[in-house]
Protein chains: 2
Amino acid sequence: MAYYILTQKDAVEYARGIKDIFPDGAQLIVREIGDGNLNHVFHISDSESGRSLIVKQALPYAKMIGESVPLSLDRVRIEKEALSVQRELCPDLTPKLYGYEPDLALMAMEDLSDHTLVRLGLMERGRFPLFAGQIGAYLAQMSFFTSDLFMEQQEKKRLMKAFMNPELCNITEDIIFYAPYTKSRMNRFEPRIRDAVESIWADAELHLEAMLLREKFLTNAQALLHGDLHTDNIFIKPDSAKVIDPEFAYYGPIGFDIGTLIANLLLNYSGQEGWSKDETERIVYRRYLLDTVRDLWTQFELRFRELWNGHIADRMAKTKGYQNLYVSRLLQDTVGFAGVLTVCRVYGFIHVADIDHIDDATARERAQRIALEIGVSLIKRNRYARSIEEVLDIALEAVNER
Amino acid sequence: MAYYILTQKDAVEYARGIKDIFPDGAQLIVREIGDGNLNHVFHISDSESGRSLIVKQALPYAKMIGESVPLSLDRVRIEKEALSVQRELCPDLTPKLYGYEPDLALMAMEDLSDHTLVRLGLMERGRFPLFAGQIGAYLAQMSFFTSDLFMEQQEKKRLMKAFMNPELCNITEDIIFYAPYTKSRMNRFEPRIRDAVESIWADAELHLEAMLLREKFLTNAQALLHGDLHTDNIFIKPDSAKVIDPEFAYYGPIGFDIGTLIANLLLNYSGQEGWSKDETERIVYRRYLLDTVRDLWTQFELRFRELWNGHIADRMAKTKGYQNLYVSRLLQDTVGFAGVLTVCRVYGFIHVADIDHIDDATARERAQRIALEIGVSLIKRNRYARSIEEVLDIALEAVNER
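Residues numbered from 1 in each chain as written. Chains lettered and ligands numbered in written order. Predicted model: local features only at pLDDT ≥ 70, side-chain atom pairs only at ≥ 80, totals over all residues. Heavy atoms only, no water.

### As for the overall build of chain A
Okay, so step 1: Looking only at helices and strands, chain A has 14 helices and 12 strands in total.
Okay, so step 2: Its C-alpha atoms give chain A a radius of gyration of 21 Å, near enough to 21 Å, the size a compact globule of 402 residues would have.
Okay, so step 3: Summarising its shape, the C-alpha atoms of chain A cover approximately 65 × 55 × 40 Å along the three principal directions.
Okay, so step 4: The buried share of chain A, taken over its 402 residues, is 61%.
Okay, so step 5: Look at the contacts in chain A between residues 6 or more apart in sequence, and 73% of them connect residues 24 or more apart.
Okay, so step 6: Summed over its atoms, the accessible surface of chain A is roughly 15900 Å², and 50% of this surface lies on carbon and sulfur atoms.
Okay, so step 7: Separation of charge centres in chain A, based on 48 positive and 60 negative side chains, amounts to 3 Å. (Helix = DSSP H or I, 4+ residues; strand = E, 2+ residues; numbered from the N terminus. Rg over C-alpha atoms; globule rule 2.2 N^0.38 Å. Buried < 20%, exposed > 50% of the residue type's maximum accessible area, 1.4 Å probe, protein only. Contact = heavy atoms within 4.5 Å. Areas by Shrake-Rupley, 256 points an atom, 1.4 Å probe, with all protein chains shown as cover. Lys, Arg positive; Asp, Glu negative; His and termini not counted. Charge placed at Lys NZ, Arg CZ, Asp CG, Glu CD.)

### Comments concerning the pairing of strand β6 (residues 97-101) of chain A
Residues and elements named next belong to chain A.
Okay, so step 1: The pairing of β6 with strand β7 (residues 106-110) spans 4 bridges and is classified as antiparallel. In the strand pairing of β7, Gly99 is matched with Ala108.
Okay, so step 2: Hairpin remark: β6 followed by β7, antiparallel, with 4 residues in the connecting loop; positive phi at Ala105, about 55°. (Pairing = 2+ DSSP bridges.)

### Overview of the relation of the copies chain B and chain A
Okay, so step 1: Superposition record for chain B on chain A: RMSD 0.0 Å, screw rotation 180°, translation along axis 0.0 Å. Such a turn and shift between the copies fits a two-fold axis. Using C-alpha coordinates, one finds that chain B approaches the rotation axis most closely at Asn220 of chain B, a distance of 2.5 Å.
Okay, so step 2: In this assembly the copies share their binding face: 100% of the residues contributing to the interface of chain B also contribute to that of chain A. (Least-squares fit on C-alpha atoms with pLDDT ≥ 70 in both.)

### Quick word on the pattern of salt bridges
Residue and element names in this part refer to chain A.
Okay, so step 1: For the structure shown, the criterion picks out 62 salt bridges over all chains.
Okay, so step 2: We note a salt bridge from Glu306 to Arg303, for which the minimum N-O separation is 3.0 Å. Taken together, the residues Glu306 and Arg303, both in helix α10 (residues 279-311) and 3 residues apart, mark about one turn of the helix.
Okay, so step 3: Among the residues examined, Glu306 registers a relative accessible area of 44% and is labelled partly exposed.
Okay, so step 4: A relative accessible area of 28% places Arg303 in the partly exposed class.
Okay, so step 5: Linked by salt bridges that have partners in common, Arg192, Asp195, Glu365 and Arg369 make up one network. (Salt bridge = Lys/Arg side-chain N within 4 Å of Asp/Glu carboxyl O.)

### Side note on the interface of chain B and chain A
Okay, so step 1: Between chain B and chain A, the contact holds 42 residues from the first and 42 residues from the second.
Okay, so step 2: Carbon and sulfur atoms supply 59% of the area buried between chain B and chain A, which totals about 4000 Å² over both sides.
Okay, so step 3: Of all residues in chain B, the largest losses of buried area upon contact with chain A belong to Lys157, Met164 and Met316 of chain B, amounting jointly to 17% of the total for that side.
Okay, so step 4: Remark: the boundary between chain B and chain A carries 2 salt bridges.
Okay, so step 5: The partner of Lys157 of chain A in a salt bridge is Glu173 of chain B, with the nearest N and O atoms 2.8 Å apart.
Okay, so step 6: Of all the secondary-structure elements, those providing two or more residues to the side of chain B that touches chain A are α5 (153-162), α6 (166-175), α8 (204-219) and α11 (322-347) of chain B.
Okay, so step 7: Of all the elements, α8 of chain B adds the most residues to the side of chain B that touches chain A, at 10 residues.
Okay, so step 8: When the residues that make up the side of chain B that touches chain A are grouped by side-chain class, the tally is 19 nonpolar, 10 polar and 13 charged. (Buried area = accessible area lost by both parts, 1.4 Å probe. Nonpolar A, V, L, I, M, F, W, Y, C, P; charged D, E, K, R; others polar.)

### Let's talk about the packing of aromatic side chains
Okay, so step 1: Overall, the coordinates contain 40 aromatic pairs over all chains when judged by the stated rule.
Okay, so step 2: With a centroid separation of 6.0 Å and an interplanar angle of 20°, the aromatic rings of Phe304 of chain B and Tyr326 of chain B are classed as stacked. Residue Phe304 of chain B is found in helix α10 (residues 279-311), and its partner Tyr326 of chain B is found in helix α11; the two are separated by 22 residues along the sequence.
Okay, so step 3: Residue classification places Phe304 of chain B among the buried residues on the basis of a relative accessible area of 0%.
Okay, so step 4: The buried category is assigned to Tyr326 of chain B, whose relative accessible area is 5%.
Okay, so step 5: Geometry around Phe349 of chain A places Arg188 of chain A over its ring, the cationic atom sitting 5.6 Å from the centre. (Phe/Tyr/Trp six-rings, centres within 6.5 Å; stacked < 30°, edge-to-face > 60°. Lys NZ or Arg CZ within 6 Å of the ring centre and 35° of its normal.)

### Section: the UniProt feature "binding site: ATP" (unreviewed entry) in chain A
Residue and element names in this part refer to chain A.
Okay, so step 1: Per the UniProt record, "binding site: ATP" (unreviewed entry) is annotated on Asn39, Lys56, Glu110, Asp111, Leu112, Asp245, Pro246 and Glu247.
Okay, so step 2: Along the polypeptide, Glu110 turns up in strand β7.
Okay, so step 3: Overall, the relative accessible area of 15% leaves Glu110 in the buried class.
Okay, so step 4: With near-sequence residues (within four places) excluded, Glu110 lies in contact with Ile54, Thr94, Pro95, Lys96, Tyr98 and Lys242.
Okay, so step 5: Here Lys96 takes part through its backbone nitrogen, which lies 2.8 Å from a polar atom of the side chain of Glu110. (UniProt positions renumbered as here; feature names shortened; annotations may be inferred. Polar contact = N/O pair within 3.5 Å; in protein donor to acceptor, adjacent residues only side chain to side chain.)

### Quick word on unusual backbone geometry
All names here are of chain A.
Okay, so step 1: Within the chain, Asp20 stands out as a residue other than glycine whose phi angle is a positive 60°.
Okay, so step 2: Here Asp20 lies in the loop between α1 (8-17) and β1 (29-32).
Okay, so step 3: Residue Ala105 is not a glycine yet carries a positive backbone phi of 55°.
Okay, so step 4: Locating Ala105 in the fold gives a position in the loop between β6 and β7.
Okay, so step 5: Overall, the relative accessible area of 0% leaves Ala105 in the buried class.

As C-alpha cells, this is what we get:
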C-alpha cells in the first residue's frame, strides 16, 4: 500500500475496519484534534455505544516558520516501537494500540479524553497526588531496564540501532540546544524581554555549560529516552496517568527526560504570575509545584536504586560507590537539562501555553523573566549540583527577589 | 554467491582474477599467514614480477578458549567501510584495497611485507622517528572529522548506525573491561604473579574507575574509532606507516584508541626487562619509548587543536573554554584507557609478545609486575590527570623503585 494522506472519511473507514471496537453500522463522528504541524490526529467516536479511538497519521513534512520541511515517516515506526517497550515496562502508563499501518505511517490508539493533559491541569491549579510517584516510577523503569545496567549489552545495541532517530534529534539539537544561545530566526520573543535574551546571547559561561549539555545529548547513549517528555505528552486523571507520543525516542542521557519534565513544572511555576488569582493562592500553588519537582526526583531516585539493588545484571556495576556516583551524575544532568529546557520554551521556536496564554502583558513578562532566571541559574549550577533542593532554592529565589 | 571457506587454491584463483596485479600465467605462491582465530589471511605472490597481495577472509566463528563461538561476518563490511573512511581522511596511512566480496566476507589488499609490525620493531629496539607524528595526525584526523565537532550531525548518526558493531564490542567489553577485574576463566596468568592479580581483584577503588571507563566505552559515541589500535595493527618503515584491521571500528570515546596505543608502548617498555642487553641500553630505550608516548599525545593534541581552529563546523563549539575542556577530558580518558589496556594484556585473555616471549622467567615476571603497576596507577589517576607527563612519571616510578 502506498502512502497517502487520509481524509476524515478515510480515517473513519479505517476505524470501522478495526475489530471489536465499534458495533456494526455505528454512526461514527470524526473530529480533527491535532495541530497539523507534524501529524493529523482524528478523534473518532460512536455516541450510542460510547466507544471512541484516536487515529494518528504522520505527515511527510514538518511545518516550521511558515515553510514545510520534509520529515521522515520512519518516526511512526519509532513511536510504535517505543510504545511497545513502554508497554512492556510500564503497562499501566501506556495507551492501548488498536492498529498500526507502517505504509500509511498510521496508528489507531486508545482515546484518552477521560484524562486531562497535565499542562492544562496545572494551568487550572489542579493537584495530582499520584503524579510524582507514577511518573517517577515510569522514568526509573524505562531508563534502568533499557540501559547497560540491566539490558544484555548486545540487545541494548540492537535497540540503539532501531532507535537511531537523526531527524527528530536534529530538531531538538537546533531548537533547544542551539538557537536560544544565538541570534537565530528560530527564536521568537516579545520586545519587552529583549534585554534578558541579549544577556543570554552574551553570556559565555552559560554557553559553555549549554554546549556541554548538548554534547551529552549528542553522544551519551545511556538509555532509551522518551525524548519529548513535556506536560502535553502526559495525560492524567485521579487514578491514572498515560505517557504518549514518544516519536522523539532515541538512546540518550537519562537526565534529559527528567529534566524536560521538571522544566515544564518550572515553566508553569513561572506562569503562575498569570494564573493564580491572588498572592496567597500563588504562593500555595507554587509550593505544591516545587513539592512535585522534589517528589518526582525523589521517587525516581528511590525506584531507580531499588531496581539497581534488585535487578542489576552487571557484576561490575556492583562496585562499591558506583551507584552513588551514577545517581549523583544523573541529578547533575537533570539540573542542567531542566535549565536548557526552561530557557528554550520562553523565547525559542516552541513556547508553552503556561506562559504564552497569560493575557496580561505585565504578568506575562514577569513570568518570562522568572523562567529565564531559573533556567539560567540551573544551567550554571548543573555540574556542581548535589541535591534536588538546589533546584527548589533557585526557583524560590527567582520569585522572592522580585 | 553463498559463503564458503576458501582453500589456498581458491584464494589463488580469486587473486588471479583481480585486474592489473599479476601478469597472465604468473606462477603464484600462497602462504597462510594469519593465526586463524578470526580470519584466514593468505599472502599471494609472484616471484618473477615481484608482485604480491593479501587475501583476508573472515571466518564465521572466533576460536575462544578451546571452543569456537559464532561471530558475525558483518565485521568485514565494517572493516571495509572503516578503511574507506580512513582512506578519505588519511590516504597515506591506508592500505590499498584491490577487491571486496561481501558474500564471501573477503578482501584483497596491498601486501605490506616491506613494512615491519610496530610491535616487532619495538621488540628489536628499533626507532621510528616519524611514528609519533604520523599516528598522532591519524588519531586527530580520524576523531575530529568523524565527531560532532566537524561532521554534520545527521551524517554522523548515519555513520554511527552503519558502525554499530555489537559482537566485536562485546569481545572488548568482556576481555578488556570485565574479566581482568574478576576471577574469570578468561584470564590466563603464571602462578608467580598470582599475588599481584589477586590484589587487583580485591581493589574496589580500582574497580570503580574501571567501571567508569567501561561505561564510557559502552555509552560515549564521540567519534569513529579503530577499536583495536595496538602495535600489531600498525605497519611501519622509515618513510611510511599503515594502519590496518579496523574490524572493531565503532563510535566510541576518542581516548580509547590513543590509550590502546600508549598501553602497547608501555607494555613494550615493561618488556624491556627481557629485550635490552644491559641496563644502559634498557634505560636509553625506555627513554625513547616514553618520549614516543609524549610525542604521540603532543602531536595528537597539536593537530586536533589545529583542526578545531581551522575546521570547526559548529558555532556552539567556538564557545570560550570548550576546546580546552574537551582536550583535557580526552587526556583523562586516554590515561584511563591506557591503564585498562595495559592491565588486561598482562593476564587477560590476549597477551602481548613484548612480555610473553621473554624467555627468562625472572625477567618476564619483572616485566609483568612493572606493567601491572603502571596499569593500576594509570587507572587510578585517570580522572585527575592534567598532563601527559604524569604518564611518564608513573612509568618511571614503576621501574625505578625496583
